[in-house]
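A structural walkthrough
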Amino acid sequence: MHGFAYQNGSLHCEQVDLQALATEHGTPLYVYSAGTIRDHFTRLDEAMHGVDHEVAYAVKANSNLGVLRLLAGLGAGFDIVSGGELFRVIKAGGNPAKCTFAGVGKTREEIEYALQQGIYSFNVESEEELRYLNQVAGELGLIAPAAVRVNPNVDAKTHKYISTGKSENKFGVDFEAIPALYDRAAAELPHIRLRGLQMHIGSQLTSIQPFIEAVEKVTPLALSLKEKHGIEFWSIGGGIGIVYHDSLAAGDMHWWDAKSAEERPLTLPQYGEALVPRLRDLGLKILLEPGRAIVGNAGVLLTRCLYEKKGTAKTFKIVDAGMNDLIRPALYEGHHEIVPLTEPGSERRKVDVVGPICESGDFFCQDRELPDFQPGETVALMSAGAYGFVMASNYNTRPLPAEILVDGSTASVVRRRQSLDDLIAAEL
Ligand SMILES: *Cc1c(COP(=O)(O)O)cnc(C)c1O
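Since this is a predicted model, take the numbers as computed values, not measurements. (Residues numbered from 1 in each chain as written. Predicted model: local features only at pLDDT ≥ 70, side-chain atom pairs only at ≥ 80, totals over all residues. Heavy atoms only, no water.)

1. Thoughts on the sheet that holds strand S1 (residues 4–7)
Two strands in a sheet stick together by hydrogen bonds in their backbones, pointing the same way (parallel) or opposite ways (antiparallel). Here we have 3 strands laid out as an open sheet, ordered S1-S2-S3, and antiparallel in their pairing. Of all strands in the sheet, those bounded by a partner on one side alone are S1 and strand S3 (16–17). Summarising the sheet, S1 and strand S2 (residues 10–13) pair through 4 bridges and their orientation is antiparallel. Note on S2: the bridge partner recorded for Tyr-6 is Leu-11. (Pairing = 2+ DSSP bridges. Helix = DSSP H or I, 4+ residues; strand = E, 2+ residues; numbered from the N terminus.)

2. Examining helix H2 (residues 34–47)
In a regular helix each residue adds 1.5 Å, so 14 residues correspond to 20 Å; H2 covers 20 Å between its end C-alpha atoms and thus fits that length. Of the residues making up H2, those classed as buried are Ala-34, Thr-36, Ile-37, His-40, Phe-41, Leu-44 and Ala-47. (Expected span 1.5 Å × (residues − 1). Buried < 20%, exposed > 50% of the residue type's maximum accessible area, 1.4 Å probe, protein only.)

3. Remarks on the site of the ligand
Lining the immediate surroundings of the ligand are 15 residues, of which Lys-60, Ser-203, Gly-239, Glu-289 and Tyr-387 lie closest. Contact between the ligand and Lys-60: an oxygen atom at 2.8 Å from a side-chain N or O atom of the residue. For the ligand, the protein covers 94% of the area, taking 390 Å² as the surface of the free molecule. Here the residues of the shell around the ligand are counted per class, giving 4 nonpolar, 6 polar and 5 charged. (Near = heavy atom within 4 Å. Polar contact = N/O pair within 3.5 Å; in protein donor to acceptor, adjacent residues only side chain to side chain. Areas by Shrake-Rupley, 256 points an atom, 1.4 Å probe, with all protein chains shown as cover. Nonpolar A, V, L, I, M, F, W, Y, C, P; charged D, E, K, R; others polar.)

4. A word on the pattern of salt bridges
In total, this model carries 24 salt bridges according to the counting rule given. In this structure, Glu-125 and Arg-149 form a salt bridge, with 3.0 Å as the shortest nitrogen-oxygen distance. Note that Glu-125 is positioned in the loop between strand S8 (121–124) and helix H6 (127–140) and Arg-149 in strand S9 (residues 144–151), a separation of 24 residues in sequence. Both residues of the pair, Glu-125 and Arg-149, belong to the buried class. Here Arg-195 ties to Glu-232 by a salt bridge, and the two come within 2.8 Å at their closest N and O atoms. One end of the pair, Arg-195, is in strand S11 (residues 192–198); the other, Glu-232, is in the loop between helix H8 (209–229) and strand S12 (233–235), with 37 residues separating them in the sequence. Taking relative accessible area as the criterion, Arg-195 reaches 16% and is therefore assigned buried. According to the relative accessible area criterion, Glu-232 is partly exposed, its value standing at 28%. (Salt bridge = Lys/Arg side-chain N within 4 Å of Asp/Glu carboxyl O.)

Listed below in structure tokens is the structure:
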């Protein structure tokens with residue numbers, strides 16, 4: 001389910017009319033559905049029923065304080081990738097003791113900050129990092145809880161920029177090297193407490209098979225590390241894919257209940273059904289690190305059409321959002337469904353929807369059959385809740401858009417639009 005649907009001919013987020021939001025707050029405008037975020041979190045949590053587990057939301061997918069506060073209230077843990085994200089989690093009322101810290105390049109400042117805040121685990125990506133963590137913890141007179149990220153060398157069958165579990169990716173430590181590394185750590189690194197094992201094979205996985213393959217491959221390793229080094233948790237990472245194509249219609253029919261494979265590339269119950277029996281009896285606490293699956297279809301980016309430009313080869317709809325606001329199409333060839341806020345008829349025209357940025361990569365679709373819309377009208381880029389605002393930049397000196405969190409019939413501004421003064425505030 002997601003909270004976006006036409007009601008009486010106009011697109012709503014839950015009970016709030018999106019055109020009214022666009023008129024009041026301007027565009028480009030990110031709008032998130034709190035009900036959808038709650039629903040996704042709860043469904044994933046329920047899908048893992050029977051396994052001792054914790055859902056550690058991957059903050060980088062959408063780190064707005066309003067979103068983090070909502071998830072903290074649901075009892076989520078948090079998977080962070082920087083000191084800045086830890087700061088956000090704490091500001092949003094999240095518990096550092098439920099935070100895991102991933103990433104290949106943690107700095108001394110970040111390590112010290114996370115140690116002082118008492119995070120649950122450093123998810124370490126190399127032996128060099130583990131030794132450095134030991135050194136910093138020793139200097140502070142602390143013990144660092146740690147897990148090593150194992151690279152299981154499994155093909156996630158996703159876009160090459162978001163595949164992370166193959167030997168040629170920069171992430172993790174080779175599967176074969178893990179046992180000896182834990183042995184060395186136990187023998188030589190007195191300020192490390194080996195607390196768990198971690199993996200994350202990629203993002204936007206649309207088939208369950210790579211997850212099964214990775215879990216089956218790594219299970220004996222996790223068990224032997226539990227036996228030998230007393231680890232207590234195994235994080236199986238995030239990466240559950242979502243529907244991007246026709247996601248508006250899919251929302252109406254509760255996509256994870258739909259039957260055909262194209263309609264539901266991977267559903268939360270399917271994920272649970274496949275993994276629960278494989279994880280239930282290991283005697284390990286299982287951590288999940290979903291980002292996209294929680295927030296991806298819980299957000300849209302509203303943008304207003306500025307011009308229609310008819311070229312000899314193409315028709316361009318020029319909108320006021322650009323790749324600086326939503327970079328997924330340019331960065332990963334990401335697809336976002338584009339729908340008018342007023343429910344369209346069946347007529348379609350082939351157009352390119354492009355932004356105002358001076359880059360040829362600044363488009364939201366090319367040669368796509370879309371319902372027609374005119375300059376002055378606002379459209380929604382669907383499925384923009386994950387890796388949307390968080391990747392936005394000021395490129396072309398464009399202010400960052402505002403963010404709205406809708407809950408039922410209430411719409412709260414959870415981040416105001418940047419002003420021109422904000423743009424230069426830090427410059428001396
Ligand atoms: C990005 C990331 C995630 C979340 O990935 P999604 O595809 O958004 O679920 C989880 N764990 C780690 C280590 C990550 O880097």
